[in-house]
Every structure is written in C-alpha cells, then in structure tokens.
Protein chains: 2
Amino acid sequence: MSQSIDIAVVGASGAVGGALVELLEERQFPVGKLHLLASEASAGQSVPFKGRNLRVGSIAGFDFAQVGLAFFAAGEAVTRQYASAAQAAGCSVIDLSGGLPLDQAPRVVAEVNPQVLKTMQPPYLFASPTSAATALAVVLAPLRPLLDWQRLSITACLPVSSQGREGVAELARQTAELLNARPLEPRFFDRQVAFNLLGLVGAVGTDGHAQVERRLIEDLRQVLDAPVLKVAATCVLVPVFFGDSLSVSVQAAKPIDLHAVQAALEGAASVEVLEKDEYPTVITDAIGQDLVFVGRARNGVDDPTELNLWIVSDNVRKGAAHNAVQLAELLIKHRP
Amino acid sequence: MSQSIDIAVVGASGAVGGALVELLEERQFPVGKLHLLASEASAGQSVPFKGRNLRVGSIAGFDFAQVGLAFFAAGEAVTRQYASAAQAAGCSVIDLSGGLPLDQAPRVVAEVNPQVLKTMQPPYLFASPTSAATALAVVLAPLRPLLDWQRLSITACLPVSSQGREGVAELARQTAELLNARPLEPRFFDRQVAFNLLGLVGAVGTDGHAQVERRLIEDLRQVLDAPVLKVAATCVLVPVFFGDSLSVSVQAAKPIDLHAVQAALEGAASVEVLEKDEYPTVITDAIGQDLVFVGRARNGVDDPTELNLWIVSDNVRKGAAHNAVQLAELLIKHRP
Ligand SMILES: NC(=O)c1ccc[n+]([C@@H]2O[C@H](COP(=O)([O-])OP(=O)(O)OC[C@H]3O[C@@H](n4cnc5c(N)ncnc54)[C@H](OP(=O)(O)O)[C@@H]3O)[C@@H](O)[C@H]2O)c1
Ligand SMILES: NC(=O)c1ccc[n+]([C@@H]2O[C@H](COP(=O)([O-])OP(=O)(O)OC[C@H]3O[C@@H](n4cnc5c(N)ncnc54)[C@H](OP(=O)(O)O)[C@@H]3O)[C@@H](O)[C@H]2O)c1
C-alpha cells in the first residue's frame, strides 16, 4: 500500500461527488483513507465505497494536510474558500467547479492536454473544464491536424443535472405535476422546464453572455491551445435529466475531407463515432459511459469547408468525474 | 357576400389543418363554403367553425373546381397527388407540406416577400415555408439592411408536433410510461424522445443532411432572396409538445451594432424582441401567438461581427397556419 494516497472528495453528497466516489472504486484507484466532505446539511449521511459505508463529514474545520489529493465538486464558492489553503497545506487539488481563473487553475482534459501537468510542481492545483468543453475537446483535438479551423458555432443543450441534484428533482416534480394536470409553480428554475427549453442558463453578464457560455469558450480555447479561436456558444437548458447534447458547426479555411475526419475519430481515445446518417442520444448511448459519442459528421449543404457534428456525453460522469479521476491517475503516475 | 370565397382545407383533421380553420374564423376571413378534407380514416369527424360543426369529407373524388382556394396541409404525397390538378381546375393553392419544388411553388412569408405574389397569375400555386424558416425569415429580414451577413449557423430544436398529431401522442405516452416506471417501447419515433434529444429528424440524404435541414436552408434562402447565403442547419427533435426554439449565430462582414439590431427588431412586423439578458420560451411566450419572439441578441464574446439570437415561435400557428392565412388575405386583396 506504499503507493496509495489519502483523498478528500468535497461535495461527496452531490451528483458529481457521488460519481467521483464510484469511479475511484471502479478504476481501482489506489485510495488510502477516503474523506467525504460536504456542508453541515449532509454531514452524517453515508456513501458506499468498496463494500463499506463511509460517513460524510463537514468541510468546516477539515485539515487538508491529512490528504495528498482533494477533488472539489461543491460549487465555486467552496473552491474559492478552501482550495488555495488546501494546496498550501501540501494537498494537490483538482477543481471541478470552475471557481478559479484559468491562470491559477489550468484546465486539463486527460486525452487532450495532459502535458500541462508536467509543467507544474506538486502540490498541484488545476481544473477539469465544464463538462461540455471536456466532451468537445475530446472530439475536436484529434481533428486539429486535419482542419485549419476558423470558427466554431456551438449550441450546447444541457440537462437539468448540469444544475445539480436540485435540477433533477425539479424536472421530475414539474413533469409529474403537469401529467396530473396540477397547476405548475416553478421553484428551482424561474420557468417551466418540463416540456420547454430555457434559452439562458444561470447568471448572465452585462454583454448578454451567460457565465456558462463564456466558460465553455474559455475552457475550450485553453484545452485546445487555441487562444484566439472564434467560438459562438449558446447554452440551452433542456428537459433531459442527464447528458450533454451538442450541435457543433466548424468552419475551416479549406475543404474538409470527411473520410479523414471519420478515420481520425475512429482512432481517437474515448471517442465512439457513428456513421454520418446515424446519431447517438444521451439515453441510448451516453449515460453511464466514459466515451464521448459523435454522429452526423457532414459537410455543409454546399460548403465543403463546413463540418457539422452531433455530440453526446454524460455530463456528470464523462464530462466531470471521469476526467477528474483520469487526471488524478496521471498525477500519481508522475509523483516524485 | 360577393367578396367571399369558397375554400377547401386539406388535412382538416390534423394539427395544422385545425389551426387553419380556427384562424379563418378568428381573422374573419371572408369564407363562403368551407370544405374540410382528410383521408377516409377521418371522414365523418366534425370540426367546429363559426358555431357550427362541419363534417370532414374524404379528399378522394373531391372536385376542386368548386372552390377558389385550397390549403394543403396533409403531407407531401397528398400535395403531389392533388395540388396541380386543383390549380388546373381553377383553384388557387397554398401548400404547407413542402411537397413541391421551389420553382413550382415559391415559398412566401407574408411579412417578408409578399411581392412574389404580384409576379404570379391566378389561379396561384405557392407555398408557406417550413415553420422554422418562416420564423427565421420574420426575424432576419428586418436585419438585412443592417448586416452584410456571410453565414448563418442554426440549431433548430423542433417539438414533437412538428411530426404531427402522432408525435404529440407519442411524447405524452412515453412520458407517462416512464413516470410510472413501466418499460418503454418507442413506437412512432425510433427512440425514446421523452427526456431525450434526437439529433436527426426524419429522412436523411446520402450526404448526411436531413430533408428538414435541407428544406430549412432552401426555404430561407428563397424567402430572404439570398440564394448563395451560407447556412449551417441542424434540426433536433426535443421533448417539447409545441413551439420551435431556434439558436442562431449570424456572421457578418462588418461589426454589428446591437442598438441598431434591437431598434430594427422593435420596429419589425410580427416580432416581439426582449432585452439581451432576457429570453423567451415556447411555453411562456410563443404558444398560441402570431408573433415570433426574440431574445439574447448579443455579439460574439470577442467578435463584434457575430450576432447571436434566441428565437421561439409556435410551429403550428405562427410557423404554418398564420402565415398561410395571411397569404390568403393578400391573395384575395389582389383578386382581379
Ligand atoms: N452536474 C454537472 O454536470 C457538473 C459538471 C461539471 C462540473 N460540475 C460542478 O461540480 C460541482 C458539483 O455539482 P453537482 O452537480 O454535483 O451539484 P449538486 O448535486 O448540487 O451537489 C453539490 C455538492 O456540493 C456540496 N456543497 C454545497 N455547498 C457547500 C458548502 N458551502 N460547503 C460544503 N459543501 C457544499 C453539497 O453538499 P450538501 O449535500 O451538504 O449540500 C453537495 O455535495 C459544481 O461546482 C458544479 O459546477 C457539475
Ligand atoms: N406540424 C407542423 O409543425 C407543421 C408546420 C408546417 C407545415 N406542416 C405540414 O403540414 C402538414 C400537416 O401536418 P400536421 O402537423 O397537421 O400533421 P397531422 O396532425 O399528422 O395531420 C395530418 C393531416 O393530413 C391528413 N392526411 C394524411 N394522409 C392523407 C391522405 N392520404 N389523404 C388525405 N388526407 C391525408 C390527415 O388526415 P387523417 O386524419 O384522415 O389521417 C390529417 O388531417 C404536413 O405536410 C406537414 O409537413 C406541419
């Protein structure tokens, strides 16, 4: 057990935290002692891990010097409050909240820019990008040698779980109320989300862009090492429980060879590519998987420099927890 | 009553046909005798019109010489079988199925290219575009003087009613089965559509484009009189009953002035524009309305030549029946 590492999962009672704990077990990560942390509200809850029930403790007063690695999946505010102190106490931090700026916590996708870790010194502090950016990077990076891309247009259809457990509960509640013909009062979201699409997700800036849109663009640029790539992004909240569905149009400087695209995607890590007349969905393909699924790779109707893609991925698992655990695996491999 | 005109509504038992009959009444269209037609399957059903119940008859054997105007809302095959003969019998035809090529049945949106009607001779034969193209044209045409557009990227999230009554019934059935934890067997759609997004709608061509996507592009180009405009289109079927939700990114040759965009949309016919940090939805805004709603008009994150819009519209009413009835109004105004 000399290789094992003590770990804290912050946000262990949440959707992403739960997936992290599952993946640590599933991938036989060399976990020493596992500390599950949340707010006072769920302290005392228990979470199964390797056949035992571990109790969730409160983050307040937790000493991060006890652990070698901490996953932060409890919102931006928690990351901002505790992550730097954890690092200062000698603990490496993998943030999933996006709460720290890109220069302080570089975004890393295991399949795309793992080399970033080599430029850093332990204890590390870096971040897993937003889940849609992670899925997009996994698909787009293998295409980089093939296309001189000029611009991406992305419509990201995000499930209610992108807003955590409460988003999931709210869609279930609203749907049941409507099917039972009871009057609907939106609670967690400001509108009816059942059988409806919300064209703006979360906080919005003075320039009209949602924070999730800005983040998607910034994370993607950093991970793809394409700092000035033009990206148009619209994030839409859809009445789906789990899984990101992404409509992407790439505009390149030169005609795009679809056979080469298909071949590159077939050879790519963590990508499952379907034929151009087939499409994956979150329900039939993505949920519970560690792959990103792509279909409908096609040129423009009369523009060979355009490439359109339909991409689906499990936002909680592939887009968040799986990437974070893969990053942790890289980190312990490089341990001094 | 000398000004009244006898009318046939083909597809009167369907979603669009029903809306046509409602709008003819609501807008006090000068209807003489109204013939409601469908297949044998619903012949004998009754549909309310001006306080009476009209019986639906079978199209087989119907003599179109009896009417001055026929709306075709019964699928492409029915239009292909009967529309030319109806015109030959002296009846003007407004097609809603898209079953005839653009040169044979020009696409017309009342607010955008009504001048096309003046170039034609009675009996007329023309078409109302796909509902998403109609909504897009209503919003984009007023912006034409402001922006030298180079390319549009559109993700059109279509409701199950875009596939007719059976689509509506199937989403209701699937949702109820899932909420009652019964095993789901998709019937009308090939996959689960409840709590899922289908990234391909209807028939697909050998180039990977769906017919609805190709049509959206062709209809839009014709209506906007922009035959070589580059348009990327992805149509997605979403678990929404009624209403198109459209994510649009316009790329222009020059920086786009958002104030001018907002002002142009405020002055535009049939458009309701919201502020850039607000967004309409089909449930809260579009359903049952004859307006197209636009929100979130914003430039790119760091690209002033990009304009992003979020547009919603009632696919059955505004996108189809309302446009067709407006076209009929223009047509009788120009009657010799
Ligand atoms: N869901 C996704 O698709 C996704 C994808 C990528 C990244 N993320 C990020 O991952 C994080 C968690 O998301 P989620 O979807 O798992 O949310 P969630 O299901 O709502 O869970 C939130 C977790 O954070 C904990 N928490 C909240 N406030 C806290 C506080 N003041 N102190 C300590 N713990 C606190 C909660 O503990 P209690 O039970 O005690 O409230 C819970 O464990 C967020 O930062 C989110 O942005 C989410
Ligand atoms: N739904 C939309 O959003 C939308 C928007 C724009 C245009 N459209 C177009 O409008 C048309 C109708 O769409 P919808 O949504 O109203 O579909 P729908 O609800 O399924 O209704 C179909 C109608 O067509 C009739 N029909 C089908 N086959 C026929 C046949 N062989 N002979 C005579 N009548 C026949 C049906 O009559 P029975 O009851 O006898 O089967 C019914 O009245 C389609 O062409 C569609 O593409 C639809």
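Residues numbered from 1 in each chain as written. Chains lettered and ligands numbered in written order. Predicted model: local features only at pLDDT ≥ 70, side-chain atom pairs only at ≥ 80, totals over all residues. Heavy atoms only, no water.

J.: I would appreciate a short explanation of the interface of chain B and chain A in the present structure.
T.: Note: interface size is frequently given as the accessible area lost on complex formation between the parts. The interface of chain B with chain A comprises 60 residues on the first partner and 60 residues on the second. Overall, the association of chain B and chain A removes approximately 5100 Å² of surface from exposure, summing both partners, and the carbon and sulfur fraction of that is 54%. Interface area lost by chain B to chain A is led by F195(B), Y279(B) and V301(B), which between them contribute 14%. Taken together, the connections running from chain B to chain A amount to 10 salt bridges. Close ionic contact of R151(A) with E306(B) constitutes a salt bridge, the shortest N to O distance being 2.9 Å. Joining chain B to chain A, the criterion identifies 38 residue pairs in polar contact (both at pLDDT 80 or more). Contributing elements (two or more residues each) for the side of chain B that touches chain A: β8 (149-158), α5 (165-179), α6 (211-223), β9 (230-237), β10 (244-252), α8 (282-286), β12 (292-299) and β13 (306-313) of chain B. When residues of the side of chain B that touches chain A are assigned to their parent elements, the largest contribution, seven residues, is made by β9(B). Residues that form the side of chain B that touches chain A fall into these classes: 25 nonpolar, 20 polar and 15 charged. (Contact = heavy atoms within 4.5 Å. Buried area = accessible area lost by both parts, 1.4 Å probe. Salt bridge = Lys/Arg side-chain N within 4 Å of Asp/Glu carboxyl O. Polar contact = N/O pair within 3.5 Å; in protein donor to acceptor, adjacent residues only side chain to side chain. Helix = DSSP H or I, 4+ residues; strand = E, 2+ residues; numbered from the N terminus. Nonpolar A, V, L, I, M, F, W, Y, C, P; charged D, E, K, R; others polar.)

J.: Looking at this structure, I do not really get the packing of helix α4 (residues 131-140) of chain A against helix α9 (residues 317-333) of chain A. What am I missing?
T.: The relative placement of two packed helices comes down to the angle between their axes together with the axis-to-axis distance. Residues and elements named next belong to chain A. Direction vectors running N to C along α4 and α9 enclose 80 degrees, while the axes themselves pass 8 Å from each other. Here α9 runs roughly perpendicular to α4, going by the angle between their axes. Counting all contacts with α4, which are made through S131, T134 and V138, the residues of α9 involved are K318, G319 and N323. Residues of the contact of α4 with α9, tallied by class, amount to one nonpolar, four polar and one charged. (Axes fitted to C-alpha atoms, helices over the stretch in contact; angles between N-to-C directions. Parallel < 35°, antiparallel > 145°, perpendicular 65-115°, else oblique.)

J.: What am I meant to see in the sheet that holds strand β6 (residues 92-95) of chain A here?
T.: Hydrogen bonds along the backbone pair up the strands of a sheet, which may run parallel or antiparallel. All names here are of chain A. Pairing within the open sheet is mixed, and its seven strands lie in the order β3-β4-β2-β1-β5-β6-β7. Either end of the sheet is taken by a strand with one partner, and the two such strands are β3 (46-49) and β7 (125-127). Each neighbouring strand pair of the sheet contributes to a mean axis angle of 25 degrees, computed without reference to strand direction. The pairing of strand β5 (residues 69-72) with β6 spans four bridges and is classified as parallel. Following the sheet pairing, L69 is matched in β6 by S92. Of the strands in this sheet, β1 (5-10), β5, β6 and β7 are in contact with α9, which crosses β5 at around 160 degrees. (Pairing = 2+ DSSP bridges.)

J.: Would you mind going over the site of ligand 2 with me for this structure?
T.: Residue and element names in this part refer to chain B. Of all residues adjacent to ligand 2, which total 23 residues, the nearest are S13, V16, S39, S42 and N315. Within the side chain of S13, a nitrogen or oxygen atom sits 2.5 Å from an oxygen atom of ligand 2. In this structure, an oxygen atom belonging to ligand 2 sits 2.9 Å away from a main-chain N or O atom of A15. Burial of ligand 2 by the protein amounts to 79% of the accessible area it has alone, namely 900 Å². (Near = heavy atom within 4 Å. Areas by Shrake-Rupley, 256 points an atom, 1.4 Å probe, with all protein chains shown as cover.)

J.: Explain the domain arrangement of chain A to me, please; I cannot follow it from the model alone.
T.: Residues and elements named next belong to chain A. Domain assignment breaks chain A into domain 1 (5-129 + 320-334) and domain 2 (134-315). Centre-to-centre separation of domain 1 and domain 2, based on C-alpha positions: 25 Å. Of the roughly 1500 Å² buried where domain 1 meets domain 2, counting both sides, 52% is carbon and sulfur surface. Summed over the three residues of domain 1 that lose the most area to domain 2, namely L102, E111 and V112, the buried surface amounts to 32% of that side. Here domain 1 and domain 2 share two salt bridges between them. Across the domain 1-domain 2 interface, the total number found is nine residue pairs in polar contact (both at pLDDT 80 or more). Elements that contribute at least two residues to the side of domain 1 that touches domain 2 include exactly α1 (15-26) and α9. (Domains from an automatic or database assignment.)

J.: I tried to follow the packing of helix α5 (residues 165-179) of chain A against α5(B) on my own but got confused; where do I start?
T.: Look at α5(A) against α5(B): their axes get within 11 Å of each other, and the N-to-C directions meet at 115 degrees. The handedness of the crossing between α5(A) and α5(B) comes out as left-handed. Contact residues: α5(A) offers T175(A), A176(A) and L179(A), while α5(B) offers T175(B), A176(B) and L179(B). Of the residues assigned to the contact of α5(A) with α5(B), the class counts are four nonpolar, two polar and no charged. (Left-handed = near helix turned anticlockwise from the far one by under 90°.)

J.: What should I look at first to understand the nonpolar core in this one?
T.: Most often, soluble globular proteins keep nonpolar side chains buried together rather than apart. Among the nonpolar cores identified, the biggest contains 136 residues, and L309(A) and L309(B) are the most heavily contacted of them. Non-local contacts of L309(B), meaning those with residues more than four positions away in its chain, are made with V139(B), L140(B), L143(B), L246(B), S247(B), V248(B), V294(B), G295(B), R296(B) and A297(B). Of all hydrophobic cores here, the second largest spans 39 residues; its members include I5(B), I7(B), L23(B) and L36(B). (Core = buried A, V, L, I, M, F, W, Y, C linked by side-chain atoms within 4.5 Å. Buried < 20%, exposed > 50% of the residue type's maximum accessible area, 1.4 Å probe, protein only.)

J.: What am I meant to see in the UniProt feature "domain: Semialdehyde dehydrogenase NAD-binding" (unreviewed entry) in chain A here?
T.: The UniProt record annotates "domain: Semialdehyde dehydrogenase NAD-binding" (unreviewed entry) at residues 6-120 of chain A. Secondary structure content for residues 6-120 of chain A is 25% helix and 28% strand, while the C-alpha to C-alpha distance between its ends is 21 Å. (UniProt positions renumbered as here; feature names shortened; annotations may be inferred.)

J.: I keep staring at the sheet that holds β12(B) and nothing clicks. Help me out?
T.: Residue and element names in this part refer to chain B. Spatially, β9-β8-β10-β13-β12-β11 is the arrangement adopted by the six strands of the open sheet, whose pairing is mixed. In this open sheet, the two edge strands, each paired with only one partner strand, are β9 and β11 (271-273). Taking the axes of each pair of neighbouring strands and ignoring which way they run, one obtains an average angle of 20 degrees across the sheet. In this fold α6 packs onto β8 and β9, with an angle of close to 135 degrees to the strand it touches most, β9.

J.: How should I be thinking about empty space enclosed by the protein in this particular structure?
T.: In this approach a probe as big as a water molecule rolls over the atoms, and the regions it shows empty are the leftover space. Summed over the entire model, instances satisfying the criterion amount to three cavities of 30 Å³ or more. By volume, the largest cavity is sized at about 110 Å³. Lining the largest cavity are 20 residues; nearest its centre among them are S153(A), I154(A), T155(A), S153(B) and T155(B). Elements represented by at least two residues in the lining of the largest cavity include exactly β8 (149-158), β9 (230-237) and β10 (244-252) of chain A together with β8, β9 and β10 of chain B. For the lining of the largest cavity, the class distribution of residues is eight nonpolar, 12 polar and no charged. If you add up the space inside the second largest cavity, you get close to 80 Å³. Mapped onto the lining of the second largest cavity, the elements with two or more residues apiece are β8 and β10 of chain A together with β8 and β10 of chain B. Classifying every residue of the lining of the second largest cavity gives two nonpolar, six polar and three charged. (1 Å grid on protein atoms, 1.4 Å probe; cavity = no way out; pocket = protein on both sides within 12 Å on 5 of 7 lines; lining within 4 Å. Points joined across faces, edges and corners; volume = space filled by probe spheres on them.)

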